[in-house]
Amino acid sequence: MKKYIILFFLMMSCTNFKIQQAVSPAFFDKEGHRGCRGLMPENTIPAFIKAIDFGVTTLEMDAVITKDSKVLISHDPYINHKFSLHPDGTPIIAAEERTLNIFKMTYAETQQYDVGTKYYPHFPQQQKMKVRKPLFCAVIDTVEAYTRLHHLPQVQYNIETKSTDSTDGIFHPEPATFVRLIMQIVETKGIASRVIIQSFDIRTLQYLHQHYPNIKTALLVEPPVTLNFAAQLKQLGFIPTIYSPDYSMVAPLLVKQCRDLGIALIPWTVDDLPTMQRLKDMGVNGLISDYPNLYTQLK
């Protein structure tokens, strides 16, 4: 396996692939998953501000695209019934949620849905409040203003493109358009050096690597996997900045493989302190958690 990885690395270097540099080994990246989903309504401005108050170094979030080509922060490309209400305040049922397709709604239409008042049983500690899905540009403006006002360190933005080849044109645009819409905002706001684009959809990362080679990339991976680590990188076609697997996939061998290639290893989603500490001790470069308040207890 080690020989295979080294040969692959050399092959990519010799064929003029632009290899992105991983974060410094001394930097431990504390990421707030969807802001701080365990404590505040996910992917909302209050969740991102609360995560900053807990000292995160990166805000993790998800992007979808509206009918009028706005980049909206939302994990699902539809209105999720688990924590959302209809405009009239009545519950959304599971059977109808996928008909509430954000890609077929204007931004103004998405703002009719309250995504923070309904009790979310998966996260009983979540503070309830009436809140809407925010625009990506509004998140940036609010976060940048907040950190300046309170003399806090600037944070990174880790943005997942929610796309699959089977739903192109149904729940989202094709990858090139998706990436360009995000990057237009990133470049306008001047935050490119602090942006990571992550995805399970390698088409997104490949387009980004080709057209925006200076932007950090994160390859998301979840079990079960059919390809081993080296084969995943070969399929991707370049060395990503970050390898971001489900935390259950992390083992000492994977830590070494990533370190050998200069890839930061940042698993998701780690929500209990003993597991967080175990992974940190194993040598991961950061964590993604719904409970960023736990980071203060890490040694």
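Residues numbered from 1 in each chain as written. Predicted model: local features only at pLDDT ≥ 70, side-chain atom pairs only at ≥ 80, totals over all residues. Heavy atoms only, no water.

Here we look at the pattern of salt bridges
Side-chain pairs of opposite charge can arise whenever the charged atoms involved come near each other. Tallying each qualifying case throughout the model produces ten salt bridges. Between E144 and R194 there is a salt bridge; the shortest N-O distance is 2.9 Å. Residue E144 is located in helix 4 (residues 136-149), and its partner R194 is located in the loop between helix 5 (175-189) and strand 5 (195-199); the two are separated by 50 residues in the primary sequence. Overall, E144 belongs to the buried group, its relative accessible area being 9%. (Salt bridge = Lys/Arg side-chain N within 4 Å of Asp/Glu carboxyl O. Helix = DSSP H or I, 4+ residues; strand = E, 2+ residues; numbered from the N terminus. Buried < 20%, exposed > 50% of the residue type's maximum accessible area, 1.4 Å probe, protein only.)

What about the environment of H172?
Residue position: H172 is located in the loop between strand 4 (156-161) and helix 5. For the pair H172 and I102, spaced 70 residues apart in sequence, the C-alpha to C-alpha distance is 8.6 Å. H172 has contacts with F103, K162, S163, T164, T167 and F178, leaving out every residue within four places of it along the chain. Here T164 takes part through its backbone nitrogen, which lies 3.2 Å from a polar atom of the side chain of H172. (Contact = heavy atoms within 4.5 Å. Polar contact = N/O pair within 3.5 Å; in protein donor to acceptor, adjacent residues only side chain to side chain.)

Thoughts on the layout of surface pockets
Estimates place the volume of the largest pocket at around 550 Å³. Lining the largest pocket are 27 residues; nearest its centre among them are H75, E160, K162, S163 and F200. Secondary structure elements with two or more residues in the lining of the largest pocket: strand 2 (58-65), strand 4 and strand 5. Split by residue class, the lining of the largest pocket holds eight nonpolar, ten polar and nine charged. By volume, the second largest pocket is sized at about 260 Å³. V221, V225, L227, Q232 and Q235 are the residues nearest the centre of the second largest pocket, which is lined by 13 residues in total. Mapped onto the lining of the second largest pocket, the elements with two or more residues apiece are strand 6 (216-221) and helix 7 (229-236). Taken together, the residues that form the lining of the second largest pocket break down as nine nonpolar, three polar and one charged. (1 Å grid on protein atoms, 1.4 Å probe; cavity = no way out; pocket = protein on both sides within 12 Å on 5 of 7 lines; lining within 4 Å. Points joined across faces, edges and corners; volume = space filled by probe spheres on them. Nonpolar A, V, L, I, M, F, W, Y, C, P; charged D, E, K, R; others polar.)

As for unusual backbone geometry
Omega for the peptide link from P223 to P224 comes to -5 degrees, which places this bond in the cis form. Within the fold, P224 resides in the loop between strand 6 and helix 7. Despite not being glycine, H151 has its phi angle at roughly 55 degrees, a positive value. Within the element layout of this structure, H151 appears in the loop between helix 4 and strand 4.

What about the pairing of strand 5?
Of all five residues in strand 5, five are buried; the element is thus mostly enclosed. Alternating positions in strand 5 separate into two faces, V195, I197 and S199 on one and I196 and Q198 on the other, with burial throughout. The pairing of strand 4 with strand 5 spans four bridges and is classified as parallel. Each bridged residue has a counterpart across the sheet, and for I159 the counterpart in strand 5 is I197. Handedness of the crossover is the feature at issue here: the chain leaves strand 4, passes through helix 5, returns alongside strand 5, and the resulting connection is right-handed. Strand direction decides the pairing type here: strand 5 and strand 6, joined by four bridges, are parallel. Looking across to strand 6, one finds that I197 is bridged to T217. (Pairing = 2+ DSSP bridges. Right-handed = clockwise from strand over helix to strand, strands pointing away.)

Quick word on the side chain of K162
Within the secondary structure, K162 is located in the loop between strand 4 and helix 5. A relative accessible area of 15% means that K162 is categorised as buried. For K162, the side chain forms a polar contact with the side chain of H75, separated by 3.2 Å. Reaching out from K162, the side chain makes a polar contact with the side chain of E160 at a distance of 3.0 Å. Setting aside its immediate chain neighbours within four residues, K162 contacts D62, A63, V64, S74, H75, H172 and F178.

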